[in-house]
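Commentary on secondary and tertiary structure
Chain by chain, the residues run as shown.
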Amino acid sequence: EFEGVSYPSFIPFRKKGAKNVIEDIMNVKSRDSDIIICTYAKSGTHWTYEIVNMLLRNTTELDKNSKIQAMLEAVDDLSVLDSVPSPRIMDTHCLFKYIPKQHRENKGKIVHMIRNPKDVCVSYYYHCLKDVFINFDGTWEEFLELFMSGKLPYGTWYNYELEIERAARDFPGMIFTCYYEDMKQEPVREIKKLADFLGIACSNDTLEKIAKKTSFENMQKNKFDFTEIVDGKGFIYRKGEIGDWKNHFTVKQNEKFDAQFKEEMKDSRYKITFE
Ligand code: A3P
């Protein structure tokens, strides 16, 4: 736990006397070309990584090399990032306030993917059932309570997303927000917007190829899933759908969730859709 938020146990909290990994992340030396993908867990981080990687490296092939992405909080010794060639793509689920200070000062680019929180919750539930670093063995109902009260690794979805929304206002032009649902329904259009944000010119043909290669079906089939290391089969590419929450929420649970969502998001301008 750090500053009131818990984290999965894979995070290499430092030995006695050494600094905390979250503080180390804040001190990562940034380069102007760095891109940081910021997501709440289960919002499409791996998908976003693959799209950004294809755009940046001018390729339409899945990244077969990076078996484990540079997820900042999972890197034991952050100095290894010094030897990663530019442009570097890093990602994190940590709150915006913990991203490298220099990246903020340099107005470095941030790609943020947001997903409707009901589907995030369902996806997170299955993840937590399988992830030995989280070790959850309760029921769906119990999990939903934990999600709604923010007692899960990385804290509350609301806190995370509202903080990024504030940051996007405070640092105009620095954060690009993609919606999972839009990317799923209109990938070519959304990848084009992302390419524009990254300042990359891309033909329609390339955009279409990227959309195809980063479809759920293709990634599930062809992408190495690092969670195979944990359970032999992998559990990142589960369903990749919009609306799986309807198979899990009872009417009562849904009403309670909606009431909290309405209250928490009352000042937010995010356009979250649940369908
Ligand atoms: P589900 O559990 O609903 O299937 P993250 O990468 O942040 O851990 O998010 C994982 C979620 O994104 C999983 O959701 C996964 O299936 C989904 N996902 C991964 N790749 C995807 C893709 N190419 N298209 C749509 N969803 C994808």
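Residues numbered from 1 in each chain as written. Predicted model: local features only at pLDDT ≥ 70, side-chain atom pairs only at ≥ 80, totals over all residues. Heavy atoms only, no water.

Here's the deal with the packing of helix 4 (residues 117-130) against helix 5 (residues 140-149)
Between helix 4 and helix 5, the shortest axis-to-axis distance is 10 Å and the interhelical angle comes to 120°. When the axis of helix 4 is compared with that of helix 5, the two are oblique. For the pair helix 4 and helix 5, the crossing hand works out as right-handed. Contacts between helix 4 and helix 5 involve Pro117, Val120, Cys121, Val122, Tyr124, Tyr125 and Cys128 from the first element and Trp140, Phe143, Leu144 and Phe147 from the second. (Axes fitted to C-alpha atoms, helices over the stretch in contact; angles between N-to-C directions. Helix = DSSP H or I, 4+ residues; strand = E, 2+ residues; numbered from the N terminus. Parallel < 35°, antiparallel > 145°, perpendicular 65-115°, else oblique. Left-handed = near helix turned anticlockwise from the far one by under 90°. Contact = heavy atoms within 4.5 Å.)

Some words on the pattern of salt bridges
This structure, assessed with the given rule, holds 14 salt bridges. When the shortest N-O distance is used, the salt bridge between aspartate 196 and lysine 192 registers 3.0 Å. With aspartate 196 and lysine 192 both in helix 8 (residues 187-198) and four residues apart, this pair spans about one turn of that helix. Taking the relative accessible area as the measure of exposure, aspartate 196 reaches 46% and is therefore partly exposed. (Salt bridge = Lys/Arg side-chain N within 4 Å of Asp/Glu carboxyl O. Buried < 20%, exposed > 50% of the residue type's maximum accessible area, 1.4 Å probe, protein only.)

Digging into the layout of surface pockets
For the largest pocket, the calculated volume is near 1,000 Å³. In this structure, the largest pocket is lined by 49 residues; those nearest its centre are Lys42, His46, His127, Phe226 and Ile236. Looking at the lining of the largest pocket, the elements with two or more residues in it are helix 2 (45-57), strand 2 (70-71), helix 4, helix 7 (180-185), helix 10 (216-222) and helix 11 (228-231). Residue composition of the lining of the largest pocket, by class: 26 nonpolar, 13 polar and ten charged. (1 Å grid on protein atoms, 1.4 Å probe; cavity = no way out; pocket = protein on both sides within 12 Å on 5 of 7 lines; lining within 4 Å. Points joined across faces, edges and corners; volume = space filled by probe spheres on them. Nonpolar A, V, L, I, M, F, W, Y, C, P; charged D, E, K, R; others polar.)

Some details on the site of the ligand
Thr45, His46, Ser123, Tyr180 and Lys239 are the nearest of the 18 residues found near the ligand. Between lysine 239 and the ligand, the recorded distance is 2.6 Å, taken from a backbone N or O atom to an oxygen atom. Here an oxygen atom of the ligand sits 2.7 Å away from a polar atom, N or O, in the main chain of glycine 240. Of the pockets mapped on this structure, the ligand occupies the largest pocket. For the shell around the ligand, the elements supplying multiple residues, two or more each, are helix 2 and helix 10. (Near = heavy atom within 4 Å. Polar contact = N/O pair within 3.5 Å; in protein donor to acceptor, adjacent residues only side chain to side chain. Sits in = over half its atoms within 2 Å of the grid points.)

Let's talk about the side chain of serine 30
Considering the arrangement of structural elements, one finds serine 30 in the loop between helix 1 (21-26) and strand 1 (35-39). Here histidine 103 takes part through its backbone nitrogen, which lies 3.1 Å from a polar atom of the side chain of serine 30. Those residues in contact with serine 30 that lie beyond four places of it in its chain are Arg88, Pro100, Gln102, His103 and Asn106.

Focus: the side chain of threonine 60
Following the sequence through the fold, threonine 60 ends up in the loop between helix 2 and strand 2. Setting aside anything within four residues of it in sequence, one finds threonine 60 in contact with Met54, Thr206, Lys209, Ile210 and Lys213.

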